[in-house]
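Close look at the chain arrangement
If you want the building blocks of each chain, they are given just below.
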Amino acid sequence: MGTQITRLTRLAAAGLSAVLLFATTACAATSPAETEPDNKTSVPAPTGPINVVASLNQWGSLAAELGGDDVEVTSIVNSTNVDAHDFEPKTSDVAKLSKAQIIVANGAGYDSWATKSMTKTTNIVSAASVMGAVEGDNPHLWFSKDARSSMATAITDAYIKALPSKKKAFQKRLKAWQADEKSLETWASEFTKSHSNLTYAATEPVVYYLMADLGFKDQTPKGYTQSTASGGEPAPADLQSFQKLIEDKGVDVLVNNTQEASDATNMITGAAGRADVPVVDVSEQMPKDADTLNAWINQLINTIIDAVDPTYGCDAGTGDNTEGDASGENSSDTAANQSDSANDAGATYIRECKATNADSASDSANFGTDNSTTDTEGTTPSNEGQTDPGK
C-alpha cells in the first residue's frame, strides 16, 4: 500500500513537471512574437490645404472665409454675366469637381450639375440639404440669414472632418464669422422695427427672402410671379396688372434682376422710371467688387434702404459719408466700440450712408454694379405670412 502511494506521488510529480515544462516552452515560443515590433505602416494624418470646389462664387466666398490658408477654394460660376439656371459645366469644370475633397453646393435644383461628378470620397455640403429645401422651393438660399448661418456651421464641420489637426483654427474662424453675421442681422433688424408696411415688387423673385427679412411685403402680381418662376413669359393681362401697380405707385420700391432682362422687364422698369418709383437692380451671383458674402449682403441692404429711406441712420441735412447707429445717432464712443468689435471679430456691418439728399436713391441703385448694373439680392426663410414664389 505504501509502495502504491509512493508511485502515485512520483507519477503526479512527474506529470506536474511535464505540464510546467510544456507551459514554459510555450511561453518561450510565443514571447518573441509578442515583443516583435509592429511592421505595419500607419496611415499618415491628413495635411492641408483642403481642395474645395463651390458651384457658386457666393458660397465659395463663404467657404474661403471660413477656411483661410487651410483650404484652396475654386468657384465654378463666378460672374454676374452667367445665368446659373442654364449653366452647363465645361470639361475642365467637371474635372475640378471630380477631384474635390469637399463640394459646396446650393441645391434645390439650382446647380444639380455640381454633384453629378462627385466620387465616393467626396464630402458634399448643400445649402438645400442643410435647410430642408427641395426642387421647386425658392433656391436663392444665400440671401437667407438662416441658410448662411447653417451653411457656415456645416462647412466648418466638413473642414474639421477633413483636417482634424486644424480644428481650433476652423472653430476660431467660425466664431469670428458668427460675430460678423450677428452685427449684420442686428442693424438690419433695427431698420425693420422702425419701418412697417413697406412694399415691393420684383421682376424676378430672387430677393424674396431678404425682402421678407427686412419686413417688406411682396405685391408682385401672382400671375406674373408664377410665370417667371417657371421660366415662362408673363401673360399680357399679368403684365398690364404689373404696369398699373407701378404707375399707381402701389409699391415703395421695384427690384429688378439684371441677369434676367427681357422686353417685359424693360417695360416694367420704364414704367417705374416714369412714375418715380425707386428701382434697385440686383444680380443672382456675387459681384467681383464684394469681398465676402456678408459684405455683399450688407451692400444690398444699404442699397435697398437708400431707395426707400435714404436718411435712415444718417445725419439729416448732410452729404457726408457717415456711419450711424440704428437710431440715426453718431458718437465717437459708438465708433470706437464698433472699431474694437471689428478688430476682434473681423468685420462689423452697419449702416453706410452714401448720401442723404434727393439723389441718394439713384446713387445707391448703381452701387456695386458690373457693366453699369447693380448686383443686389436677398432672402431669408424667416418669411412667415408670405407665399414662396419659387425659382
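Before any of the text, the structure's been laid out above.
Residues numbered from 1 in each chain as written. Predicted model: local features only at pLDDT ≥ 70, side-chain atom pairs only at ≥ 80, totals over all residues. Heavy atoms only, no water.

1. Side note on helix H9 (residues 236-247)
The cut-off we apply is this: Only runs of H or I of at least four residues qualify as helices and only runs of E of at least two qualify as strands under DSSP, and these elements are numbered from the N terminus. A helix is expected to span 1.5 Å multiplied by its residue count minus one. Buried, partly exposed and exposed residues are distinguished by accessible area as a fraction of the type maximum, computed with a 1.4 Å probe on protein chains only: under 20%, between the cut-offs, and over 50%, respectively. The arc in question is the one spanned by the directions pointing from the helix axis to the C-beta atoms. Contacts between residues were defined by any pair of non-hydrogen atoms, one from each residue, lying within 4.5 Å.
For H9, with 12 residues, the first-to-last C-alpha span of 16 Å sits near the 16 Å given by 1.5 Å per residue. Restricting attention to buried positions, one finds in H9 the residues Leu239, Phe242, Gln243, Leu245 and Ile246. Burial along H9 is one-sided: seen end-on, the buried residues are contained in an arc of 160°. Every exposed residue of H9 that faces more than 90 degrees away from the buried side is listed here: Pro236, Gln240 and Lys244. Considering only its buried residues, H9 is in contact with strand E5 (199-202), helix H8 (222-229), strand E7 (253-257) and helix H10 (263-275). Backbone geometry just downstream of H9 places Lys249 in the positive-phi region, at approximately 55°.

2. Considering the sheet that holds E5
What counts is decided by this rule: For two strands to be treated as a pair, DSSP must find at least two bridges joining them.
The parallel open sheet is built from 4 strands, whose spatial order is E6-E5-E7-E8. The sheet is open, and its two edges are formed by strand E6 (217-218) and strand E8 (279-282), each paired on a single side. Pairing of E5 with E7, which is carried by 3 bridges, proceeds in the parallel orientation. Considered in E7, the bridge of Ala201 is made with Leu254.

3. As for the pattern of salt bridges
Let me state the cut-off plainly: Any carboxyl oxygen of Asp or Glu that lies within 4 Å of a side-chain nitrogen of Lys or Arg is treated as forming a salt bridge with it.
The tally for this structure, following the rule as stated, stands at 7 salt bridges. The residue Arg351 makes a salt bridge to Asp306 at a minimum N-O spacing of 2.6 Å. Here Arg351 is found in the loop between helix H12 (332-345) and helix H13 (360-365), whereas its partner Asp306 is found in helix H11 (residues 293-308), with 45 residues between them in sequence. Both residues of the pair, Arg351 and Asp306, count as buried. Because the salt bridges share partners, they merge into one network encompassing Asp70, Lys166 and Arg173.

By themselves, these observations are geometric and do not establish any function.
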